[in-house]
Protein chains: 2
Amino acid sequence: MSEVRDTVFIGKKPLMAYVTSALIQLATMPTVRIKARGLSIGRAVDVAQIISRKTEAGYFVGEILIGSESLESQDGKLRNVSTIEIEVKKQE
Amino acid sequence: MSEVRDTVFIGKKPLMAYVTSALIQLATMPTVRIKARGLSIGRAVDVAQIISRKTEAGYFVGEILIGSESLESQDGKLRNVSTIEIEVKKQE
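These numbers come from a predicted model, not from an experiment. (Residues numbered from 1 in each chain as written. Chains lettered and ligands numbered in written order. Predicted model: local features only at pLDDT ≥ 70, side-chain atom pairs only at ≥ 80, totals over all residues. Heavy atoms only, no water.)

**As for the overall build of chain A**
Tallying secondary structure elements over chain A gives two helices and four strands in all. The secondary structure elements of chain A, listed N-terminal to C-terminal, are β-α-β-α-β-β. Once the C-alpha set of chain A is aligned to its principal axes, its extents read approximately 45 × 35 × 25 Å. Of the contacts formed within chain A by residues at least 6 apart in sequence, a portion of 64% connects residues at least 24 apart. Accessible surface, chain A as shown: approximately 5,700 Å² in total, 53% of it carbon and sulfur. (Helix = DSSP H or I, 4+ residues; strand = E, 2+ residues; numbered from the N terminus. Contact = heavy atoms within 4.5 Å. Areas by Shrake-Rupley, 256 points an atom, 1.4 Å probe, with all protein chains shown as cover.)

Right, dumping it as C-alpha cells:
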C-alpha cells in the first residue's frame, strides 16, 4: 500500500514547484497541508494564496496553525524557529 | 477621544520592539492583531509565538488570516504581496 501524503513542505525551490505539488495532491485528495519553518513561512502563504486565488477549481484556505520548534543551529545551540501549517481544501 | 488601536504592523525594527508594542496594547485591551506583508510574515509569526510562549500572563493565539494585496513596485508594475494577520488574546 502506498503511503497517503497530504503535506507539502516549503523549501528553496521556485514557488511554482510547490504550487504544482499541492495541485497534484488536491487532484486526488480533498485537502493539502502546506508547511514551512522560519524564513520560508512567507513563501508558504504565497503558495496558499496562489492556489486559492489563481485557480478556478474552487480551492480555499482552511485551518491555519502556527507554532515553534527547537532546532540545533550550526554552532550547536538550540534555537526556536517559528512554523506555519496552512490547510488548502476543495470547495464542497 | 483617543483612537482605539489594536494593531501592530511588523516592519524592519528589532523583533522585541514589536513584542513590547503588542504587550503594551494587551495591558489595556483584550486582543491585539499582528499584521505583516511579504518578507515580514515570518517575523509576525515570531512575535506571536514569543508572546504566547514566553509570557506567563496567559496570552494565546486566536484567529489567523492570510490574504494578498496589490502593491505598485518600484518599476511601476502591480505585484501581489501576501499578508498575514494574527490575533493574540488574553486567556479568559
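**Comments concerning the relation of the copies chain B and chain A**
Its rotation angle being 180 degrees, the transformation that places chain B on chain A also includes 0.0 Å of axial translation and leaves an RMSD of 0.0 Å. Taken together, these values place the two copies in the relation of a two-fold axis. A share of 100% of the interface residues of chain B reappears at the interface of chain A, consistent with the copies meeting face to face through the same patch. (Least-squares fit on C-alpha atoms with pLDDT ≥ 70 in both.)

**Things to note about the side chain of Thr7(A)**
Residues and elements named next belong to chain A. If you trace the backbone, Thr-7 turns up in strand β1 (residues 7–9). There is a polar contact of 3.2 Å between the side chain of Thr-7 and the side chain of Asp-6. Excluding anything up to four places from it in sequence, Thr-7 contacts Gln-25, Arg-33 and Lys-35. (Polar contact = N/O pair within 3.5 Å; in protein donor to acceptor, adjacent residues only side chain to side chain.)

**Examining the nonpolar core**
One finds Ile84(A) and Ile84(B) to be the most contacted residues of the largest nonpolar core, which totals 44 residues. In this structure, Ile84(A) is in contact with Ile34(A), Lys35(A), Ala36(A), Ile41(A), Ala44(A), Val45(A), Ile64(A), Leu65(A), Ile66(A) and Ile84(B), ignoring residues within four places of it in sequence. (Core = buried A, V, L, I, M, F, W, Y, C linked by side-chain atoms within 4.5 Å. Buried < 20%, exposed > 50% of the residue type's maximum accessible area, 1.4 Å probe, protein only.)

**Side note on the pattern of salt bridges**
Overall, the coordinates contain 12 salt bridges over all chains when judged by the stated rule. Residues Glu85(B) and Arg33(B) are paired through a salt bridge, measuring 2.3 Å at the closest nitrogen-oxygen approach. Of this pair, Glu85(B) sits in strand β4 (residues 78–90) while Arg33(B) sits in strand β2 (residues 31–37), and the two are 52 residues apart along the sequence. Grouping residues by exposure puts Glu85(B) and Arg33(B) together as buried. Three or more residues joined by partner-sharing salt bridges are found here, namely Arg33(A), Lys35(A), Glu63(A), Glu85(A) and Glu87(A). (Salt bridge = Lys/Arg side-chain N within 4 Å of Asp/Glu carboxyl O.)

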